[in-house]
Amino acid sequence: MTIHTVEVPEGNTVFGDTTAAFAGFGYSAAVRAHGLLFIAGTIGRRADGTIPDTIEEQTEIAIRKIEEILRLEHLDLSALVDVTSYHVDIRRHLPGFSEAKQRLVTPPYPTWTIIGVDGLASPGLLVEIRATAAYPDTHSPGAQPPLAAN
């Protein structure tokens, strides 16, 4: 089995200063194995390391980070097949989360599990999103090639 670790380059404009967390906490942004891309839990921390106050902004940043990891692998959000999001004070924040999610994630929709939690890694974090994407199956009829690198 071949496993490929996805590295977010230092100085990446989407991740900014937050790339240090990968080494600091000892994990990879994403790992490719068996035609799937497993994306680690992603939070809505700004590139400068600050945490927005609103669930809408945190959700948008987390999804944009997932989108950037997908871009690094020549994929886009349509490659997502399974997503799990973890929410602090879920009843209060679900409407804002849903509004931001609907603006950014369009059909075909992945499966999505939403879980309420007591807290996340840092005070002020309201949502964390982990995802799995699938690479195009080049053996199936109608398969699309990966997106070209920028």
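Since this is a predicted model, take the numbers as computed values, not measurements.

Focus: the pattern of salt bridges
A full pass over the atoms with the stated rule returns eight salt bridges. Arg46 is paired through a salt bridge with Glu57; the nearest N and O atoms lie 3.0 Å apart. Of the two residues, Arg46 sits in the loop between β3 (36-43) and α2 (55-72) while Glu57 sits in helix α2, which places them eleven residues apart along the sequence. According to the relative accessible area criterion, Arg46 is partly exposed, its value standing at 28%. For Asp89, the salt bridge identified is with Arg92, shortest N-O distance 3.7 Å. Each member of the salt-bridge network shares a partner with another, and the members are Glu60, Arg64, Glu67, Glu99 and Arg103.

Comments concerning the environment of Arg71
Within the secondary structure layout, Arg71 lies in helix α2. The sequence separation of Arg71 and Ser85 amounts to 14 residues, and the corresponding C-alpha distance is 20 Å.

Considering the confidence of the model for the protein chain
Within the protein chain, residue pLDDT values average 91, and 91% of them lie at 70 or more. Contacts of residues 139-145 to residues separated by more than four positions or lying in other chains number four contacts, the stretch itself having pLDDT below 50.

Brief notes about the pairing of strand β4 (residues 80-88)
Relative to strand β6 (residues 127-134), β4 is paired through seven bridges, and the arrangement is antiparallel. Across the sheet, residue Ser85 finds its bridge partner in β6, namely Ile129. Taken together, β4, helix α3 (residues 90-104) and strand β5 (residues 111-117) form a β-α-β motif whose crossover is right-handed.

Quick notes on the nonpolar core
One broad trend across soluble globular proteins is that nonpolar side chains are buried collectively. Of all hydrophobic cores here, the largest spans 29 residues; its most connected members are Leu37, Ile39, Ile66, Ile69, Leu70, Leu80 and Ile129. Those elements that place two or more of their residues in this core are β3, α2, β4, α3 and β6.

The rules behind the values
Residues numbered from 1 in each chain as written. Predicted model: local features only at pLDDT ≥ 70, side-chain atom pairs only at ≥ 80, totals over all residues. Heavy atoms only, no water. Salt bridge = Lys/Arg side-chain N within 4 Å of Asp/Glu carboxyl O. Helix = DSSP H or I, 4+ residues; strand = E, 2+ residues; numbered from the N terminus. Buried < 20%, exposed > 50% of the residue type's maximum accessible area, 1.4 Å probe, protein only. pLDDT = per-residue confidence, 0-100. Contact = heavy atoms within 4.5 Å. Pairing = 2+ DSSP bridges. Right-handed = clockwise from strand over helix to strand, strands pointing away. Core = buried A, V, L, I, M, F, W, Y, C linked by side-chain atoms within 4.5 Å.

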